[in-house]
Amino acid sequence: MDRKHIKIGLFGFGVVGKGLYDVLKETPGFKADIEKICVKDRDKIRPIGMENFTFNKYDILNNPEINVIVELIDDAEEAFRITREAILKGKAVVSANKKMVSDNLQELLELQDTSGLPVLYEASCCASIPILRNLEEYYDNDLLTSLSGIVNGTTNFILTKMSGENLNFETALRIAQEKGFAESNPSQDIHGTDARHKLHILILHSFGLIVPFEDILTVGITKINGFDLQYAQEKNYKIKLIARSFKTGDNKIIAYVLPTFVNSGSFFYQTDNEFNSIVTESAFSDKNVLVGKGAGAFPTASAVLSDLSALTYDYRYEYKKLRQHNFSSLSSDHEVKAYIRSQKSTDLSTIFRDIDEKYENGKYRYITGSINLNELKSSVYLTDPNVSIIAMP
Ligand SMILES: NC(=O)c1ccc[n+]([C@@H]2O[C@H](COP(=O)([O-])OP(=O)(O)OC[C@H]3O[C@@H](n4cnc5c(N)ncnc54)[C@H](OP(=O)(O)O)[C@@H]3O)[C@@H](O)[C@H]2O)c1
């Protein structure tokens, strides 16, 4: 189907959907028209005329004039149903939904292979940061050794407010929601699941591996308290939620999402508020850093716009690294330096292979030292709400 002139069927008119509508109005040189918008809530007051909307997805999916579906809804299961039906009906798809993409990586590959149609999802990983097409195109030959990043704007915003303005977790989260950074269900953000979805997708495009989602060790930011922030302040560290993946000598991939202390020498130290940053390391180009807004209406819409533009020249992800089979599997057999803080009554020492520092006061204790990720994965500390786990710089 010719996509030189894009006729969009848009699903969702929330933060990003409305953002895209505004961005397209501001780019008149780009030939893309929104033909119809499908939304869910019949009672909501809309900022544009009701003739633009439908509540029936088939008004869009069965419209032969529409050649591209832009899926910007907050329901991953329905988003996948829409994506599958759109592809089967011969329409290209652009999505910002990391949960939908990550939950269905294998199926999305098969749908694209059998139909020859593209599903693009640049906005799903770090919104405005152009990472996926860079991983697919720029890093397709240079041997990538690691990719780490602050990939969730909401948690970075919350952590910035908690440490910089001494706000408590609840207040910082409320401000993030008011600004449209936090997902409608913030639990995905604060428990690290959103970052895990992004890392899951990034591992495919970085290393060509679809790893089991549940195997990516993930700790969110909900257990970080004033004591941890004070520890960070005393050492001149900041706390960031970092998603990390890198290759080992035996062609396995280590991947995890952990709150991490970063010092002023780290690229991540300067990445505050809703900004995201990604550091790639590769054999020949050494380190590259990409920084940008990882959430919000316009930054996210700008990545969607970039995907729409890519469709006009028939771009699709080739997943070359997946077809090369360079990596065998995900592994957690890796030691990291960590800080673990608990109530004074909890015994922490058993998980440490080496201890660097121990401290306790009347209420809390912490230990820093080396731990093995495999042991952390199966330890009770992971789910104990009173135990904070933070990787050392
Ligand atoms: N917000 C960000 O900064 C950001 C950044 C990167 C990626 N994303 C991703 O972008 C997507 C949209 O996020 P958002 O922040 O724009 O969400 P949002 O503000 O909560 O808006 C969601 C929209 O989806 C519509 N919707 C929900 N279920 C639907 C269904 N079954 N059929 C049709 N429409 C449906 C809602 O309709 P009603 O208007 O009728 O309620 C609403 O317009 C999500 O996948 C999110 O993960 C968001």
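Analysis parameters
- Residues numbered from 1 in each chain as written.
- Predicted model: local features only at pLDDT ≥ 70, side-chain atom pairs only at ≥ 80, totals over all residues.
- Heavy atoms only, no water.
- Phe/Tyr/Trp six-rings, centres within 6.5 Å; stacked < 30°, edge-to-face > 60°.
- Buried < 20%, exposed > 50% of the residue type's maximum accessible area, 1.4 Å probe, protein only.
- Lys NZ or Arg CZ within 6 Å of the ring centre and 35° of its normal.
- Pairing = 2+ DSSP bridges.
- Helix = DSSP H or I, 4+ residues; strand = E, 2+ residues; numbered from the N terminus.
- Contact = heavy atoms within 4.5 Å.
- Near = heavy atom within 4 Å.
- Polar contact = N/O pair within 3.5 Å; in protein donor to acceptor, adjacent residues only side chain to side chain.
- Areas by Shrake-Rupley, 256 points an atom, 1.4 Å probe, with all protein chains shown as cover.
- Nonpolar A, V, L, I, M, F, W, Y, C, P; charged D, E, K, R; others polar.
- Patch = residues over 30% accessible without salt bridge, like charges linked within 9 Å, V, L, I, M, F, W, Y side chains within 5 Å.
- Salt bridge = Lys/Arg side-chain N within 4 Å of Asp/Glu carboxyl O.
- Axes fitted to C-alpha atoms, helices over the stretch in contact; angles between N-to-C directions.
- Left-handed = near helix turned anticlockwise from the far one by under 90°.
- Expected span 1.5 Å × (residues − 1).

> Which residues make up the packing of aromatic side chains, and what are the values?
One pass over the full model with this rule turns up 16 aromatic pairs. With a centroid separation of 5.9 Å and 75° between ring planes, the pair formed by Tyr-317 and Tyr-319 is classed as edge-to-face. The exposure classification of Tyr-317 matches that of Tyr-319, with both residues buried. Taken together, the aromatic side chains of Phe-227, Tyr-231, Tyr-237, Phe-261, Tyr-339, Tyr-359, Tyr-364 and Tyr-366 make up a single cluster linked through ring pairs. Cation over ring: Arg-196 sits above Phe-213, and NZ or CZ is 4.6 Å from the ring centre. Here the basic side chain of Arg-341 rests over the ring of Tyr-364, its NZ or CZ set 5.0 Å away from the ring centre.

> Please give an account of the sheet that holds strand β5 (residues 92-95) that cites residues and values.
Consider a sheet: its strands pair through backbone hydrogen bonds, and that pairing is either parallel or antiparallel. Spatial ordering of the open sheet is given by β3-β2-β1-β4-β5-β6, a layout of six strands whose pairing is parallel. Looking at strand neighbours, the two that pair on one side only are β3 (53-54) and β6 (119-120), the edges of this open sheet. Where strand β1 (residues 6-11) meets strand β4 (residues 68-71), four bridges bridge the pair, whose relative direction is parallel. The partner of Gly-9 across the bridge, within β4, is Ile-69.

> Explain the side chain of Lys-198 to me, and be specific about the residues and the numbers.
With respect to the secondary-structure elements, Lys-198 resides in helix α10 (residues 193-207). Dropping the residues within four chain positions of it, Lys-198 is found in contact with Lys-98, Ser-124, Cys-125, Cys-126, Val-151 and Asn-152.

> Outline the site of the ligand, listing residues and values.
Around the ligand there are 25 residues in total, and Val-16, Asp-41, Lys-44, Arg-46 and Gly-296 lie nearest to it. Within the contact set of the ligand, an oxygen atom lies 3.3 Å away from a side-chain nitrogen or oxygen of Lys-98. In the model, an oxygen atom of the ligand is placed 2.7 Å from a nitrogen or oxygen of the Gly-296 main chain. The protein chains hide 89% of the 900 Å² of surface that the ligand would expose on its own. Of the residues assigned to the shell around the ligand, the class counts are ten nonpolar, seven polar and eight charged.

> I'd like a description of the side chain of Asp-140, backed by residues and values.
Relative to the elements of secondary structure, Asp-140 occurs in the loop between α6 (132-137) and β7 (144-150). A distance of 2.7 Å separates the side chain of Asp-140 from the side chain of Lys-320, its partner in a polar contact. Ignoring anything within four residues of it in the chain, the contact list for Asp-140 reads Leu-135, Lys-320 and Lys-321.

> How would you explain a nonpolar patch on the surface if you had to name every residue and give the values?
A cluster of nonpolar side chains, contributed by Phe-267, Phe-275, Val-289 and Val-291, occupies part of the molecular surface with about 340 Å² of accessible area. Among the secondary structure elements, Phe-267 is positioned in the loop between β10 (253-262) and β11 (275-282). Take Phe-267: its relative accessible area is 46%, and that puts it in the partly exposed class.

> Please set out the packing of helix α1 (residues 15-25) against helix α12 (residues 297-312) residue by residue, giving values where relevant.
Closest axis-to-axis distance for the α1/α12 pair is 8 Å, and the angle between their directions is 65°. Both α1 and α12 take part in a crossing whose hand is right-handed. Residues Val-15, Val-16, Gly-19, Leu-20, Asp-22, Val-23 and Leu-24 of α1 form the contact with α12, whose own contacting residues are Ala-297, Phe-298, Thr-300, Ala-301, Val-304, Leu-305 and Leu-308.

> Which residues make up helix α7 (residues 153-164), and what values go with them?
Counted at 1.5 Å a residue, the expected span for α7 with its twelve residues is 16 Å, and the 16 Å between its end C-alpha atoms agrees. Where burial is concerned, most of α7 is hidden: ten out of the twelve residues are buried. What α7 keeps buried is the set Gly-153, Thr-154, Thr-155, Asn-156, Phe-157, Ile-158, Leu-159, Thr-160, Lys-161 and Met-162. Against the buried residues of α7 lie β7, α8 (169-178), α9 (187-190), α11 (226-234), β9 (238-247) and β11. Sitting at the amino-terminal end of α7 is Asn-152, which places a side-chain oxygen 3.2 Å from the backbone nitrogen of Thr-154. Note on α7: the residue one or two positions beyond its end, Asn-166, has a positive phi of about 55°.

> Tell me about the pattern of salt bridges, and please be specific about residues and values.
Tallying each qualifying case throughout the model produces 23 salt bridges. For Lys-57, the salt bridge identified is with Glu-85, shortest N-O distance 3.7 Å. Here the residue Lys-57 occupies a position in helix α2 (residues 57-61), and Glu-85 occupies one in helix α3 (residues 76-88), the gap between them amounting to 28 residues. For Lys-57, a relative accessible area of 16% corresponds to the buried category. Two residues, Glu-178 and Arg-174, come together in a salt bridge whose shortest N-O distance is 3.1 Å. With Glu-178 and Arg-174 both in helix α8 and four residues apart, this pair spans about one turn of that helix. Shared partners join several salt bridges into a network, and the residues in it are Lys-57, Glu-78, Arg-81 and Glu-85.

> Describe α3, with residues and values.
Taking 1.5 Å per residue, 13 residues should reach 18 Å; α3 reaches 18 Å between its end C-alpha atoms and fits that length. Turning to α3, its buried residues are Ala-76, Glu-78, Ala-79, Phe-80, Ile-82, Thr-83, Ala-86 and Ile-87. For α3, the N-terminal cap is Asp-75; the gap from its side-chain oxygen to the backbone nitrogen of Glu-77 is 3.2 Å. Gly-90 lies just past α3 and shows a positive phi near 85°.

Remember, this is a structural readout, not a statement about activity or role.
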